[in-house]
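# Geometric and topological summary
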Amino acid sequence: MSDRIIHKGGCHCGAVTFEFDAPAVLDAKRCNCSICKMTGFVHVFATQAEFRITSGQDNLTDYRFNTGTAQHLFCKTCGIKSFYVPRSHPDGWSINLNCINPATIASVTIGDFDGANWESSIHTLR
């Protein structure tokens, strides 16, 4: 029996949906960088192979700042950032815990990441 299941989620209006493979018990990170703090984004990381956009890819717009590495993706209709390509994991995805359907989540452990001091803290995330 595999310990991985398919989690599903999406933006507020439902135009953008996604799914990803992960255990029912999730590990998440709360970040205090400027954008995560302002939007309330709580990170659940996935690899490229684990994550799939299932609808609404054409309804996404992106925003980049600072180094331009992170690709922040937002629904053009409701403005919600359900997932994005993070600077910390440029070959993967960060999924907003708040946008995952809770029906498949058994429990979540949330830790903190000092994204406000990214350069000196990144080693704690990898």
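That block above? That's the structure.
Values in this document were obtained by computation on a predicted structure and should not be read as measured data.

### Comments concerning the sheet that holds strand β4 (residues 42–47)
Strand pairing in a sheet relies on backbone hydrogen bonds. The paired strands run either parallel or antiparallel. With mixed pairing, seven strands are arranged side by side in an open sheet as β6-β7-β8-β9-β4-β3-β10. Every interior strand has two partners, whereas the edge strands, β6 (60–63) and β10 (107–113), have only one. Each strand of the sheet is rotated relative to its neighbour by a mean of 35°, with strand direction disregarded. Sheet analysis places β6 next to strand β7 (residues 71–75), joined by four bridges and oriented antiparallel. For Thr 61, the partnering residue across the bridge sits in β7 and is Phe 74.

### Observations concerning the sheet that holds strand β2 (residues 17–23)
Strand order in the open sheet formed by three strands is β1-β2-β5, with antiparallel pairing between adjacent strands. Of all the strands in the sheet, the pair left with one neighbour each is β1 (4–10) and β5 (51–55). On average, each strand axis in the sheet is tilted by 30° relative to the strand beside it, whichever way the strands run. Here β2 pairs with β5 via four bridges, running antiparallel. Along β5, the bridge assignment pairs Phe 20 with Phe 51.

### Details of the environment of Ser 121
As for its position among the elements, Ser 121 is in helix α2 (residues 118–121). With near-sequence residues (within four places) excluded, Ser 121 lies in contact with Phe 113 and Asp 114. At a separation of 3.0 Å, a polar atom in the side chain of Ser 121 contacts the main-chain carbonyl oxygen of Asn 117.

About the thresholds
- Residues numbered from 1 in each chain as written.
- Predicted model: local features only at pLDDT ≥ 70, side-chain atom pairs only at ≥ 80, totals over all residues.
- Heavy atoms only, no water.
- Pairing = 2+ DSSP bridges.
- Helix = DSSP H or I, 4+ residues; strand = E, 2+ residues; numbered from the N terminus.
- Axes fitted to C-alpha atoms, helices over the stretch in contact; angles between N-to-C directions.
- Contact = heavy atoms within 4.5 Å.
- Polar contact = N/O pair within 3.5 Å; in protein donor to acceptor, adjacent residues only side chain to side chain.

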